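Secondary and tertiary structure notes
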Amino acid sequence: MKLRDVPSACPRLWRSLRVPPAELRLDLVLSSGQTFRWWESSPGAWTGVLEGRVWTLRQERDRLWYTVYEEEEEDGDACPEKDGDGCPTGAAEPDSAEMERILRDYFQLDVGLPALYRAWGAADPRFRKVAKDFPGVRVLRQDPVECLLSFICTSNNHISRITAMIERLCCAFGRRLCHLNARPIHAFPSLSALTGADAEARLRALGFGYRAKFVSGSARAIAEGLGAEGLCQLRAAPYAEARRVLCTLPGVGTKVADCVCLMALDKAEAVPVDTHVWRIAQQRYGAVLGGRSLTPRAHQEIGDFFRGLWGPHAGWAQAVLFCADLRKGQEPRSRGRAKGCRGQDSHRDGAP
DNA sequence: ACAATACCTCGTGT
DNA sequence: AACACGAGGTATT
């Protein structure tokens, strides 16, 4: 199948919904390390997998455009009829009401961002200053299993490598959904795909290092315990309870648990504290918290500090600052965060 | 409770 | 060219 870049080429295959820019900045949200499965397939177009389907998204002024690719047959080289414009026909067009529901849920569009920005800015001048250049940064509502297993991979790691690892994970263990410009696109693996006896060894072969045991171990623990549904039901549990349960899983500590709570389990108050946030808390906010290292107590105190500052959506506010910091570190070539911080400049184009 | 260390790999930087 | 360093942490002393 061919990648779709712009609605004008095949208007019939695209739909849109009204989303003001202040509510969403697609590029910032999809490239800021919340999720590792979207790539900029061509300038302004973002392609990825959501709810078992392959999508391309594009934002233009007040509209979010989307198109969903049809699933391919197993072996047939999927060559549907073409109409006069060379656009595929025949394939059932996706139910746009359902597609729109999925997008609204994923981007949590019912949460009004401008009002939150105003409140955070009123409480925190530093936020106001930084956020001015980064509107539209929101927290995604991700699949809990994908979010959990993905963030287990983030420990002692950097984004470019995490992205590559997740890609290999999906390629090796995930169901193939279709080809886009000859490139196979895979779903995120199901729990059961990762519970085989050889899963750990295979993950190691894929370069997961010591995380191989954590990923396979947590997949197994969930499969044999809560189940994917049980994990999802933690959305209805209190933050502390969800966090406690997550921390029992191998490879899941306070940081990863908070990431999952925030990005998959509806805990808007969860503030994932990493070395990065810790540094910001100390330098920028002059907070005197914890000791000289990131102990569990320090995690708690720093989280409480930001919750006290920003309120019940503290995790969302932190996502804005994190995103801003990530971008700031990329633009000036001169100094600052010089290391491997070019983050997700994964220019994975369509065809080789 | 806190501090120190090992843990896999793979970019970078000397 | 070989080698050290450390990166969105976690588990174990």
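Labelled according to an unreviewed UniProt entry, chain A appears under the name N-glycosylase/DNA lyase, originating from Patagioenas fasciata monilis.

Considerations on the pairing of strand β5 (residues 63-69)
Counted residue by residue, β5 has five buried out of seven residues, so it is predominantly covered. Pairing analysis gives four bridges linking strand β1 (residues 15-18) to β5, with the strands arranged antiparallel. When the sheet's bridge partners are listed, S16 is paired in β5 with W65. Across seven bridges, the pairing between strand β4 (residues 53-60) and β5 is antiparallel. Bridged to E60 within β5 is R63. Counted between consecutive antiparallel strands, the loop separating β4 from β5 contains two residues, among which R61 sits at a positive phi close to 45°.

Side note on helix α11 (residues 254-264)
Within α11, nine of the 11 residues are buried, which leaves the element mostly enclosed by the surrounding structure. Regarding α11, the residues found buried are V256, A257, D258, C259, V260, C261, L262, M263 and A264. Packed against the buried residues of α11 are α5 (144-152), α10 (239-246) and α14 (314-328). One or two positions beyond α11, positive phi appears at D266, with a value near 65°.

What about the state of the cysteines?
Scanning all chains against the criterion turns up one disulfide. Disulfide pairing places C10 opposite C87 at an S-S distance of 1.8 Å. Because the torsion about its S-S bond is -100°, the bridge between C10 and C87 counts as left-handed. With C10 in the segment before β1 and C87 in the loop between β5 and α2 (96-106), this pair connects stretches of sequence that are 77 residues apart. Not part of a disulfide, C170 finds its nearest cysteine sulfur in C171, a span of 8.5 Å. Taking relative accessible area as the criterion, C171 reaches 41% and is therefore assigned partly exposed.

Topic: the protein's contact with DNA strand C
Neighbouring DNA strand C are 21 residues, the closest being G33, N156, N157, G253 and F322. Here the atoms of DNA strand C within 4 Å of the protein split so that 56% fall in sugar or phosphate, with bases taking the remainder. At 3.2 Å, a side-chain N or O of Y210 approaches a base nitrogen of DNA strand C. Per-element tally for the surface near DNA strand C: the top contributor is α11, with three residues.

Considerations on the domain arrangement of chain A
When the domains of chain A are assigned, the result is domain 1 (1-70) and domain 2 (144-334). The distance between the C-alpha centroids of domain 1 and domain 2 comes to 23 Å. In this assembly, 18 residues from domain 1 lie in contact with 25 residues from domain 2. Together domain 1 and domain 2 conceal approximately 1,800 Å² of surface at their shared face, both sides included; 65% is due to carbon and sulfur atoms. Counting the surface domain 1 buries against domain 2, the share from its top three residues, M1, F36 and R37, is 38%.

Thresholds, definitions, all that
Residues numbered from 1 in each chain as written. Chains lettered and ligands numbered in written order. Predicted model: local features only at pLDDT ≥ 70, side-chain atom pairs only at ≥ 80, totals over all residues. Heavy atoms only, no water. Buried < 20%, exposed > 50% of the residue type's maximum accessible area, 1.4 Å probe, protein only. Helix = DSSP H or I, 4+ residues; strand = E, 2+ residues; numbered from the N terminus. Pairing = 2+ DSSP bridges. Contact = heavy atoms within 4.5 Å. Disulfide = S-S within 2.5 Å. Near = heavy atom within 4 Å. Polar contact = N/O pair within 3.5 Å; in protein donor to acceptor, adjacent residues only side chain to side chain. Domains from an automatic or database assignment. Buried area = accessible area lost by both parts, 1.4 Å probe.

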